[in-house]
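Structural overview for review
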Amino acid sequence: MELLLRFAGIIARFLNFFIVVPLLSFLYPKEKANIPKITNDLLKVSAVDLAEKIRNKEVKSETIVKLYIERLRAVNKIVNAVVDERYNEALEDAKKADQMCETMTPLYLLQNYPLLGVPFTVKESIAVKGLMHTAGSMARLHEKADKDSESVRLLRAAGGIPLCVSNTPEWCMAWESYNHITGRTLNPYDLSRTAGGSSGGEAALIGAGASLFGPGSDIGGSIRIPALFTGIFGHKPTSSVISIDGHFPYCKDPHFQNYLAVGPMCRYAKDLYPLVQIMSGENAKKLRLDEPILTKDIKIFFKEDVGNNFSCIPIDAEIRNSMKRALDHFQSNGLSVQRATSLDLTDAFEMCVALLMEVQNLPDLLGYQKENKVRDNALVEMAKCLIGRSQYTFAPLSLAFLNDNRVMIPEQKCKKYLPAARKLRQQFIDLLGEDGVFFYPTYCKPAVRHYESLTTLSAVPYTKLFNVFGFPACHVPMGLNSEGLPIGFQVVAAPYQDRLCLAMAVELEHAFGGWVPPS
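Described below are features of the structure shown in this document. (Residues numbered from 1 in each chain as written. Predicted model: local features only at pLDDT ≥ 70, side-chain atom pairs only at ≥ 80, totals over all residues. Heavy atoms only, no water.)

**Re the overall build of the protein**
If you tally the helices and strands in the protein, you get 18 helices and 15 strands. For 519 residues, the compact-globule formula gives about 24 Å, and the C-alpha radius of gyration of the protein, at 22 Å, lands near that figure. Dimensions of the protein along its principal axes, counting C-alpha atoms only, are 65 × 60 × 45 Å. The buried share of the protein, taken over its 519 residues, is 59%. Each charge class in the protein was averaged separately, 57 positive and 55 negative side chains, and the resulting centres sit 2 Å apart. (Helix = DSSP H or I, 4+ residues; strand = E, 2+ residues; numbered from the N terminus. Rg over C-alpha atoms; globule rule 2.2 N^0.38 Å. Buried < 20%, exposed > 50% of the residue type's maximum accessible area, 1.4 Å probe, protein only. Lys, Arg positive; Asp, Glu negative; His and termini not counted. Charge placed at Lys NZ, Arg CZ, Asp CG, Glu CD.)

In structure tokens:
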């Protein structure tokens, strides 16, 4: 336990409860998004089923792509999530897909182009050839991708059609998608709240029904937290199974490549299996996704929080209740459900920081492409940011300052947490094995107000722990709370047991309804 870290957490918790939330509630009262109602049922069809309809010539890809372009334009006026688009090119791709359906059999198309004609969107930090690839950085303002990232290439090879790239925070370094290029993305369930980060633009479009699915990236919850905030499914796969080639920021350090994951975000659980299969490429065989799974044979372990840690913001009661409903459902159907009493997560924050500090040559926001090689000072830029004079945004600056000065944990102290972290990882693996999953909160509360995430950093361990451990983790939506905000939790498994997470997601969607459109 680091006393300074815990004290900082207590101060942040005090500020959040007594100052930040009351102030932001006054400045940003609840604002209904008035997202247009989905009137065409084709926009409610899963990617798997839509691909089947297209290859069976029940509907044309061109029709579907036009519908989604129209929906994107209507929704984006409200949530501000689209960064750059290729709508004209997508329509040409759709016409080619329809021509293929005229000359090839449905079976051949299923085997070789399982997503033929199905449109999707992409997080802007994941390269799509010809579209902006800035990661919200003014220093990369005119940067366009010269080729597709590997995950996008695989989705295109399967017949998918990218429509646009979606908003991120600067350098993907925040839980709110805001930058000086595109501005702020709003939550489709309540405009006074964030859609999360760093895959917040992607989550907002999918949650609003303007996209079926898209690749996101996750180094500390950046798929799963936006998925919680917008009521969709978000899967962070086992480390290194899905390639991160073509992602910015990027680092060659093997630790970084293990911690950062690219994975699918989608509205419907049944799409998770094929998306993970396609995006994994040659690595898909490691996941054994084709092996049949009987849900009744899966053992469920759970925890509701990190344990006895006053510095952490308590888990929202309705999120706790959503997990309890799921546990009761499985227990009543004969599954083994146990509280994971053997796992001590009290020092999870310290472990996450210690493991992250092992990464060498992290991408440097403040030293990126400096012609004079003089690195900007984080504290000076934070001061300039407060008066609107910095090219950077505040959230990544604050993280850069904390990292530069080792404010969270001194470098020499990090080493003492490494053995404990490795021991805890092995305890998880021994507990879960090849037939166990772990139910755990994704975040401490539903979608927070704009700017509020700066005072909720104590929620980092809920998601980041499974990045540094390399475990698969899937956020599962469980409906809306009393304020109309999405709630849910994450399902975690041991490495390469992604299929267990996905099986649970499918079962929970069947039992509790999954994604609920904003109204």
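Next comes the rest of the description.
**Notes on unusual backbone geometry**
Gly197 connects to Ser198 through a cis peptide bond whose omega is 10°. With respect to the helices and strands, the residue Ser198 is situated in the loop between β7 (190-194) and α7 (200-207). We note that Ser240 has phi near 70°; this positive angle belongs to a residue other than glycine. Within the secondary structure, Ser240 sits in the loop between β9 (233-236) and α9 (254-259). Taking relative accessible area as the criterion, Ser240 reaches 42% and is therefore assigned partly exposed. Backbone geometry at Arg288 places phi at a positive 50°, although glycine is not the residue there.

**Quick notes on the sheet that holds strand β2 (residues 119-123)**
The mixed open sheet is built from 3 strands, whose spatial order is β1-β3-β2. One side of each edge strand has no neighbouring strand; the edge strands of this open sheet are β1 (82-85) and β2. Strand-to-strand twist of the sheet, defined as the mean angle between neighbouring strand axes without regard to direction, takes the value 35°. Here β2 runs beside strand β3 (residues 161-166); their pairing, made up of 4 bridges, is parallel. Looking at the pairing, Pro119 lines up with Ile161 of β3. (Pairing = 2+ DSSP bridges. Axes fitted to C-alpha atoms, helices over the stretch in contact; angles between N-to-C directions.)

**Digging into the pattern of salt bridges**
For the structure on display, the rule yields 30 salt bridges. Among the salt bridges present, the one from Arg320 reaches Asp305, with a minimum N-O distance of 2.9 Å. Of this pair, Arg320 sits in helix α11 (residues 317-332) while Asp305 is found in the loop between β11 (299-302) and α11, placing the two residues 15 residues apart along the sequence. Residue classification places Arg320 among the partly exposed residues on the basis of a relative accessible area of 32%. A residue is classified by how much of its surface remains accessible, and Asp305, at 24% relative accessible area, is partly exposed. (Salt bridge = Lys/Arg side-chain N within 4 Å of Asp/Glu carboxyl O.)

**Quick look at the packing of helix α3 (residues 61-79) against helix α4 (residues 87-103)**
Closest axis-to-axis distance for the α3/α4 pair is 8 Å, and the angle between their directions is 160°. Classed by the angle they form, the pair α3 and α4 counts as roughly antiparallel. Helix-helix and strand crossings are classified by hand; for α3 and α4 the assignment is right-handed. In this structure, α3 contributes Ser61, Glu62, Val65, Lys66, Ile69, Leu72 and Arg73 to the contact, and α4 contributes Tyr87, Ala90, Leu91, Ala94, Lys95, Ala97 and Asp98. (Parallel < 35°, antiparallel > 145°, perpendicular 65-115°, else oblique. Left-handed = near helix turned anticlockwise from the far one by under 90°. Contact = heavy atoms within 4.5 Å.)

**Things to note about a nonpolar patch on the surface**
A contiguous nonpolar patch, built from Phe7, Ile11, Phe14, Leu15, Phe17, Phe18 and Ile19 and spanning about 720 Å² of accessible area, is present on the exposed surface. Along the chain, Ile19 turns up in helix α1 (residues 3-27). (Patch = residues over 30% accessible without salt bridge, like charges linked within 9 Å, V, L, I, M, F, W, Y side chains within 5 Å. Areas by Shrake-Rupley, 256 points an atom, 1.4 Å probe, with all protein chains shown as cover.)

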